[in-house]
Amino acid sequence: MTETNACGFAALNPAEAKRLLDEGRAILVDIRDPNEYAREHILGARLVPLGSFDTHDFDRDRLSGKAVIFQCQSGRRTAMNAARLMAVGFKETYAIEGGLNGWRAAGLPSHVDRAQPIEMQRQVQIAAGSLVLLGVVLAAAVSPWFVLLSGFVGGGLVFAGVSGTCAMASLLGQMPWNRPRAATA
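So, here's what we can say about the structure. Bear in mind that the values here come from a model prediction, so they are computed numbers and not experimental data.

### What about the overall build of the chain?
Right, so step 1: When helices and strands are counted, the chain shows nine helices and eight strands.
Right, so step 2: On the principal axes, the C-alpha backbone points of the chain span a range of 65 × 35 × 30 Å.
Right, so step 3: Taking the intrachain contacts of the chain between residues at least 6 apart in sequence as the baseline, contacts between residues at least 24 apart amount to 67%.
Right, so step 4: A total of about 10,600 Å² of accessible surface is found on the chain, and carbon and sulfur atoms cover 61% of it.
Right, so step 5: With 18 positive and 16 negative side-chain charges, the chain shows a separation of 4 Å between the mean positions of the two kinds.

### Some remarks on helix 8 (residues 147-163)
Right, so step 1: Taking 1.5 Å as the rise per residue, helix 8 with 17 residues should run 24 Å; its terminal C-alpha atoms sit 24 Å apart, in good agreement.
Right, so step 2: Buried residues of helix 8: Ser150, Val153 and Ala160, and no others. Looking down the long axis of helix 8, one finds its buried residues gathered within 85° of arc, a one-sided arrangement. Structural note: helix 8 exposes Leu148, Phe152, Val158, Phe159 and Val162 on the side pointing more than 90 degrees away from its buried face.
Right, so step 3: Among the residues trailing helix 8, Gly164 stands out with phi positive, at a value near 80°.

### Regarding the pairing of strand 3 (residues 26-30)
The side chains of a regular strand alternate, first on one face of the sheet and then on the other.
Right, so step 1: For strand 3, the tally of buried residues reaches five of five residues, placing the bulk of the element in the interior.
Right, so step 2: Along strand 3, one buried face is formed by Ala26, Leu28 and Asp30 and the opposite face, lined by Ile27 and Val29, is buried too.
Right, so step 3: Bridging between strand 3 and strand 5 (residues 46-47) involves two bridges; their strand directions are parallel. Residue pairing across strands places Asp30 opposite Leu47, the latter belonging to strand 5.

### Comments concerning the packing of helix 7 (residues 120-141) against helix 8
Right, so step 1: For the pair helix 7 and helix 8, the least separation of the axes is 6 Å and the interaxial angle reads 155°. As judged from the angle between their axes, helix 7 and helix 8 are roughly antiparallel. As helix 7 packs across helix 8, the resulting crossing turns out to be left-handed. Contacts between helix 7 and helix 8 involve Ala128, Leu131, Val132, Leu134, Gly135, Val136 and Ala139 on the former and, on the latter, Val147, Leu149, Ser150, Val153 and Leu157.
Right, so step 2: Residues belonging to the contact of helix 7 with helix 8 are distributed by class as follows: ten nonpolar, two polar and no charged.

### Looking at the environment of Phe146
Right, so step 1: Checked against the element boundaries, Phe146 lands in the loop between helix 7 and helix 8.
Right, so step 2: According to the relative accessible area criterion, Phe146 is partly exposed, its value standing at 32%.
Right, so step 3: Measuring from C-alpha to C-alpha, the distance between Phe146 and Ile96 comes to 45 Å, with 50 residues separating the pair along the chain.
Right, so step 4: Those residues in contact with Phe146 that sit more than four places away from it in its chain are Gly135, Leu138 and Ala139.

The rules we used
- Residues numbered from 1 in each chain as written.
- Predicted model: local features only at pLDDT ≥ 70, side-chain atom pairs only at ≥ 80, totals over all residues.
- Heavy atoms only, no water.
- Helix = DSSP H or I, 4+ residues; strand = E, 2+ residues; numbered from the N terminus.
- Contact = heavy atoms within 4.5 Å.
- Areas by Shrake-Rupley, 256 points an atom, 1.4 Å probe, with all protein chains shown as cover.
- Lys, Arg positive; Asp, Glu negative; His and termini not counted.
- Charge placed at Lys NZ, Arg CZ, Asp CG, Glu CD.
- Expected span 1.5 Å × (residues − 1).
- Buried < 20%, exposed > 50% of the residue type's maximum accessible area, 1.4 Å probe, protein only.
- Arc of directions from axis to C-beta.
- Pairing = 2+ DSSP bridges.
- Axes fitted to C-alpha atoms, helices over the stretch in contact; angles between N-to-C directions.
- Parallel < 35°, antiparallel > 145°, perpendicular 65-115°, else oblique.
- Left-handed = near helix turned anticlockwise from the far one by under 90°.
- Nonpolar A, V, L, I, M, F, W, Y, C, P; charged D, E, K, R; others polar.

Structure follows, in structure tokens:
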């Protein structure tokens, strides 16, 4: 059923989490970014993005006597921020094993809106990988100087990791496909 993981959360398998939610004994909190939530989320999940997370977001909920179940994409973000999430002050605090990925793998339903853009991290990975690959192919086929394109992208990724800012993500965020859209549900 439940087992406390190394981070202090009681880990719930997705079926057990669904049972608690269906019985009204818990609230589900999605800590991912709004664009991730818009693309796909578990029905009934409340979005409280980790980036703007505040324990006061839960003042009313703590009085309900319900448990809280935190969920991210894979469970990793939840585990990495366990102390911060547990500081909310619920008597019972859980995390879904495997996050949304685990939920889906268990065959449980989620709301998917493919009209919403894919997550920014994935967009950066696709763009950076494509540019590196293009640089290597052009260096082999046209001129060895094209290897500089791959080097430039690699340097940008290192800078992004060190500084916490990503020029590519900022640029991609301005693209037409990343403009806000109304959610379909």
